[in-house]
Amino acid sequence: MAKSKGGEKIIDLTRNSIVKNVLHLFYSTALSSILNLLTLILLAKSMNSENYGMFSIALAISLVMGYFTDVGLSVTVLREGSKKESNLEAIISSYIKVRIVLLIAIFLCGFMVIHLIYENQELIKTMYFLIIPMVLGLSLQSVGITYFQLVEKMQYLGIIRISSALFLVISIFLGSWLKVGPFIISFLYGFSYFLAGLVGLFLVSKHIELSFKWPFQKLILYKLWIFLLSGLLMMLLPQIGPIVLEKTLTLSQLGMFAIALRIPASLYQIPGVIAGAFYPALFRLYNIDESDQHLKLNILQLKIMSLMGMCITIVLFYMSEEIILLLFGHKWIHAAEALQVLSLLLVLQSINIALADGLTTQAKQNYRTIVQFVSVVCAIFLFLFLSNLYLILGAAMACLCIEAIALIGFWITNPNRWIIAKNVLVPYSIFFGISLFGTYTFFESTPIVAMIICIFVLTIVVLLDRVLSRNIITYFKRSTIGRVLSKFWKGS
């Protein structure tokens, strides 16, 4: 820790690997987000709204099945691997063994369930073409992602992420150029994940010996059920929409909603970078009984993630129609209104992930699980009820309600809730709410002016927050750019 002139403690971001990891993750996530957006554009060009509706359902099922090949193991591996004198090679070896067993089981059970639930043969065929390569790819990628998170070498995690996005763009572009059907497009999408998984496995093999000779580490299964349920609920929340809405919307309407939802979902990866970099550090602080530093770091994470989410929200909120027309064309224009509503998800999700990580890294995963369970139950009802009343717009409104319920739950169950409310939630929410809806009321006809005003208000928030601004200034002075500018200034 370093002290400011006023005597207040500033979190020293340069003494640990957080800032370096954030930078690695930021550029890789920004690039992969752009590539994923290009993939989304190509998919929209290659499919009509009905085919994209089927693809969205298949994609949601793929992610659900992909999660069941992990069942929370990645979190327990991080927990055990972050302890002193842990055998990383043995832990990763045990992790792979369990995932192989789970992969076989989920394929056998998953397709049985699919045939019991769905009758549309084209939809089932789309699932086969997408699920098999994609679930395999997700399993392989998770090995690399978990290992490099554990050793806090996020540049390799960035390579895996960029590889996946790059393979997606190339494969979908080729499929679109060759004018292949939606089934082959679905296969190419899933196969891209498989290729990126091989890249991840190769990178891990360059750092440790991947061998099954190590004895099985039973501790990675300790309290796994808690992380299994919590992770499943967390993963289900964004996938419930496409799965449930198939009952209330037409496939064409579902396609419109899915297009609108994919844009904030892709862009959320940018503030999500902060969570990935802070997560192992928060675990480490709690493991060495540094509860005060854990709280300060979690508050810093909350501030940075919420501000990044707000900035992206402002752009999507005011430019939703222009973005849809520019990226996808007039045939998708009915998704614009839903996108404007869904843009607010970025703020809520950014806050929720930081709050939830604060609970998990304090060994309060049970609270996180309860909140997520309530959110999932509410989600099913809200999607069915609101989409039945207001169709696509109702589905978008349901997404916001679900995240709001989760935010309240994560905040109430946090033992430091009043400190967090005072330092982040209340002031940041007031500034953002007044600026966004105030400018929307008075400058609706001039969205660019409204955007500038909102960004200006957020800049004031950073300047008024002394702890945040001082940490930013402190890090900048110690960075390479800061040192160069300082020497130039003194020399002049």
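All of these numbers come straight from a predicted model, not from anything done at the bench.

Undergrad: What am I meant to see in the nonpolar core here?
TA: Soluble globular proteins tend to bury their nonpolar side chains together. One finds Tyr 189, Phe 257, Phe 328 and Phe 383 to be the most contacted residues of the largest nonpolar core, which totals 129 residues. Per element, the largest residue contribution to this core is 17 residues, and it comes from helix α15 (residues 365–412). Residues in contact with Phe 328, not counting those within four places in the same chain, are Leu 40, Ile 41, Ala 44, Lys 45, Ile 259, Ile 263 and Ile 323. Counting residues in hydrophobic clusters, the runner-up holds 23 residues, among them Ile 92, Phe 148, Ile 160 and Val 204.

Undergrad: Help me understand the packing of helix α5 (residues 121–150) against helix α6 (residues 154–177), please; the structure alone is not making it clear to me.
TA: Packed helices, taken two at a time, are described by the angle between their axes plus the distance between the axes. Two elements in contact, α5 and α6, have axes whose closest approach is 8 Å; the angle formed by their N-to-C orientations is 155°. Comparing their axes, α6 and α5 come out roughly antiparallel. Crossing hand, α5 versus α6: left-handed. Here Gln 141, Gly 144, Ile 145, Phe 148 and Gln 149 of α5 lie close against α6, whose contacting residues are Met 154, Tyr 156, Leu 157, Ile 160 and Ser 164. Counted by class, the contact of α5 with α6 contains six nonpolar, four polar and no charged residues.

Undergrad: Hey, could you run me through the pattern of salt bridges in this one?
TA: It is possible for side chains of opposite charge to pair when their charged atoms get near one another. Using the criterion set out here, one finds two salt bridges in the structure. Salt-bridge contacts for Lys 247 lead to Glu 246; the nearest nitrogen and oxygen are separated by 3.5 Å. Assessed through its relative accessible area of 59%, Lys 247 is described here as exposed. Of the residues examined, Glu 246 reaches a relative accessible area of 25% and is grouped as partly exposed. One salt bridge in this structure joins Asp 357 and Arg 368, with 3.4 Å as the shortest N-O distance. Placement of Asp 357 in helix α14 (residues 345–360) and of Arg 368 in helix α15 is noted, with a sequence separation of 11 residues between them. When its relative accessible area of 5% is taken as the criterion, Asp 357 is described as buried. The class of Arg 368 is buried, set by a relative accessible area of 4%.

What counts as what
Residues numbered from 1 in each chain as written. Predicted model: local features only at pLDDT ≥ 70, side-chain atom pairs only at ≥ 80, totals over all residues. Heavy atoms only, no water. Core = buried A, V, L, I, M, F, W, Y, C linked by side-chain atoms within 4.5 Å. Buried < 20%, exposed > 50% of the residue type's maximum accessible area, 1.4 Å probe, protein only. Helix = DSSP H or I, 4+ residues; strand = E, 2+ residues; numbered from the N terminus. Contact = heavy atoms within 4.5 Å. Axes fitted to C-alpha atoms, helices over the stretch in contact; angles between N-to-C directions. Parallel < 35°, antiparallel > 145°, perpendicular 65-115°, else oblique. Left-handed = near helix turned anticlockwise from the far one by under 90°. Nonpolar A, V, L, I, M, F, W, Y, C, P; charged D, E, K, R; others polar. Salt bridge = Lys/Arg side-chain N within 4 Å of Asp/Glu carboxyl O.

Distances and angles like these do not, on their own, reveal function.
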